[in-house]
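The residues making up each chain are set out below.
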Amino acid sequence: MKSQDFTYAVSRIRMKETKLLSKKDIDRLISQKDYQSTIRLLSELSFGDDTLDKNQILSYEQNKLWALMGELVEDLSVFDVFRLQNDFHNLKVAVKSVYSDVSPYSMMISGGTLSSEKIYDCVRNRNFKDLGDVFCEVAEASLDTILKTGDGQLCDALIDKACLKAIFDLGEKTNEAVIKDYAELFVASSNIKIAVRGSKLNKPLEFFTKSLSFCNTLDTELLAKNAVKGFDEICTYLSQTKYKESVDYIRKSMSSFEKWCDDLLINGLKKQKYEPFTVGPLVAYILAKQNEIKAVRLILIGKQSGLDDTKISERIRELYV
Amino acid sequence: MELGLFLALLGAALATFLAGIGSSIGVGKAGVAAAGVLAEEPNLFSKVLILMLLPATQGIYGLLVAFLILQGVGIIGGGAGEISNLEGLLYLAASLPIAASGLFSAIHQGKCSVAGIHTVAKKPDTMGKALIIPAMVETYAILALLISILAINGIGALGI
């Protein structure tokens, strides 16, 4: 990885951090009486635009985030650990769109390493080599799988595993501790989610060995064996690992476990507030902004479906600012 | 006579360019950070400017010491007299504190200034505190300047 000077970028990010939604703003949003007033308040807080609908607001903010990073950093490959997730999401959309012969673009997101048009065109024309080494094999395998079996879930599992492997490999290659930690936690928490969900659906061992991806903090073979035995065995195994605190949250619900993972990550990143020269504060800002987008999505969905304010509050992640 | 004068001039040159290099690196680093903050909030110009200029002082200290040496050997003010090799070496030695301390303290002060600029960016009210932290690094440049000046003044009194 080419060494870059992040002093200018970090200085701009320090100013941007002051414009992130605060806990007080989030509480105000939750206490709005309906969906429309929440959208209006978001617009007042310079989040999105009140002429846009929920999905447009969220993708507008997501696009704004990646446009800012493109402006600040000469070589965006330092953020590949995040950008690849967008590519793999777009690959899933492209494969399913080719299978069902619909236009994919409304479901695709920006901020990947490849343009959504390129991914869709390569999949549609079976020109997998142009997607590059990371995607070539999995794109072909997932398209063949869905065309032969029509099983969208199996296709997702293949792409998810390739995504986890790519993120783990990036984490291993980088010298940035903050990206390394993120990659490891991302892969480990995804493995736990796959194990818990698969176990609840009584999936066979083959499913787990195919879906779980190697990481340093979990023994995936042991996790797979325990997942076949049942949910309690997964919890017993996890209580012997560094994720023992997660067991209580997993027992409560999957969304509570996801919140625990996001909180763990954002709390680990808070020390980046005091780091002036490295990529760390930019990584922290990307995650903070994504957390903010997640929080707004939760609030808007909650308001649309008339969910109780306390139920929305429980699901909101810790904020970076 | 020639070698003595050369050594004294070398001292003046070292004081100027080493402290100057330090200042330019320090101000350069702080300037990049200041530009980043100003791109988002131009109203903070006066606050970030002060922090940005803090590492510039070492270059001025180096210049001051160089002037004193040039004056001591008579290159400025006329009447350059006999400069023995020992006297030349003493002027060179006298320049070293500000040359070395100026170089390193300005670079580190620049880093401190960057952090201070980030603090002001997030909380403009903390300007006073953000200024004191990089100013602490200045202490060591001032101590070096003091020793260099005392040494240069002392050389004349030795009567070599």
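Residues numbered from 1 in each chain as written. Chains lettered and ligands numbered in written order. Predicted model: local features only at pLDDT ≥ 70, side-chain atom pairs only at ≥ 80, totals over all residues. Heavy atoms only, no water.

## Brief notes about the state of the cysteines
Thinking step 1. On inspection of all chains with the given rule, the structure shows 0 disulfides over all chains.
Thinking step 2. No disulfide involves Cys155(A); its nearest neighbouring cysteine sulfur is the one of Cys163(A), lying 13 Å away. (Disulfide = S-S within 2.5 Å.)

## Concerning the packing of aromatic side chains
Remark: the centre distance and the inter-plane angle together describe each pair of aromatic rings, the angle taken between the planes.
Thinking step 1. Applying the stated criterion across every chain, the model contains 9 aromatic pairs over all chains.
Thinking step 2. On the numbers, 6.1 Å between centres and 20° between planes, the contact of Phe257(A) with Trp260(A) is stacked. Within this pair, Phe257(A) and its partner Trp260(A) are both found in helix 14 (residues 254-269), separated by 3 residues, close to a single helical turn.
Thinking step 3. Using a relative accessible area of 0% as the deciding quantity, one classes Phe257(A) as buried.
Thinking step 4. Residue Trp260(A) is classed as buried on the basis of its relative accessible area of 10%.
Thinking step 5. Taking NZ or CZ as reference, Lys29(B) lies 5.4 Å from the ring centre of Phe277(A), over its face. (Phe/Tyr/Trp six-rings, centres within 6.5 Å; stacked < 30°, edge-to-face > 60°. Helix = DSSP H or I, 4+ residues; strand = E, 2+ residues; numbered from the N terminus. Buried < 20%, exposed > 50% of the residue type's maximum accessible area, 1.4 Å probe, protein only. Lys NZ or Arg CZ within 6 Å of the ring centre and 35° of its normal.)

## Looking at the interface of chain B and chain A
Thinking step 1. With 16 residues of chain B at the contact, the number on the chain A side is 13 residues.
Thinking step 2. Both sides together, the interface formed by chain B and chain A hides about 1,300 Å², and carbon and sulfur atoms give 68% of it.
Thinking step 3. Viewed at the interface, chain A and chain B are joined by 3 salt bridges.
Thinking step 4. Note that Glu40(B) is salt-bridged to Lys16(A), the shortest N-O span being 3.2 Å.
Thinking step 5. At 8 residues, the largest contribution of residues to the side of chain B that touches chain A is made by helix 1 (residues 2-40) of chain B.
Thinking step 6. Residues that form the side of chain B that touches chain A fall into these classes: 9 nonpolar, 2 polar and 5 charged. (Contact = heavy atoms within 4.5 Å. Buried area = accessible area lost by both parts, 1.4 Å probe. Salt bridge = Lys/Arg side-chain N within 4 Å of Asp/Glu carboxyl O. Nonpolar A, V, L, I, M, F, W, Y, C, P; charged D, E, K, R; others polar.)

## What to know about the side chain of Ser116(A)
Thinking step 1. Its location among the elements puts Ser116(A) in helix 6 (residues 116-124).
Thinking step 2. When neighbours within four sequence positions are excluded, Ser116(A) is seen to be in contact with Asn90(A), Tyr105(A) and Met108(A).

## Topic: the packing of helix 5 (residues 80-100) of chain A against helix 9 (residues 177-200) of chain A
All names here are of chain A.
Thinking step 1. Following both chains from N to C, one finds helix 5 and helix 9 inclined at 35°, their axes separated by 10 Å at the closest point. Mapping the contact onto sequence places Val81, Phe82 and Gln85 in helix 5 and Ile179, Tyr182, Ala183 and Phe186 in helix 9.
Thinking step 2. Of the residues assigned to the contact of helix 5 with helix 9, the class counts are 6 nonpolar, 1 polar and no charged. (Axes fitted to C-alpha atoms, helices over the stretch in contact; angles between N-to-C directions.)

## A look at the domain arrangement of chain A
When the parts come together, some accessible area is lost, and that loss is often what is quoted as the size of the interface.
All names here are of chain A.
Thinking step 1. Domain assignment breaks chain A into domain 1 (1-73 + 279-321), domain 2 (80-173) and domain 3 (175-272).
Thinking step 2. In this structure, domain 1 and domain 3 have C-alpha centres spaced 26 Å apart.
Thinking step 3. Facing the 17 residues of domain 1 at the interface are 15 residues of domain 3.
Thinking step 4. For the pair domain 1 and domain 3, the interface holds 1 salt bridge.
Thinking step 5. With a closest N to O distance of 2.8 Å, Lys294 and Asp262 form a salt bridge.
Thinking step 6. Run the count over domain 1 and domain 3 and you get 1 residue pair in polar contact (both at pLDDT 80 or more).
Thinking step 7. Sorting the residues of the side of domain 1 that touches domain 3 by element identifies helix 15 (280-304) and helix 16 (309-315) as the ones contributing at least two each.
Thinking step 8. Broken down by element, the residue count for the side of domain 1 that touches domain 3 peaks at 8 residues, all from helix 15.
Thinking step 9. When the residues that make up the side of domain 1 that touches domain 3 are grouped by side-chain class, the tally is 9 nonpolar, 2 polar and 6 charged. (Domains from an automatic or database assignment. Polar contact = N/O pair within 3.5 Å; in protein donor to acceptor, adjacent residues only side chain to side chain.)

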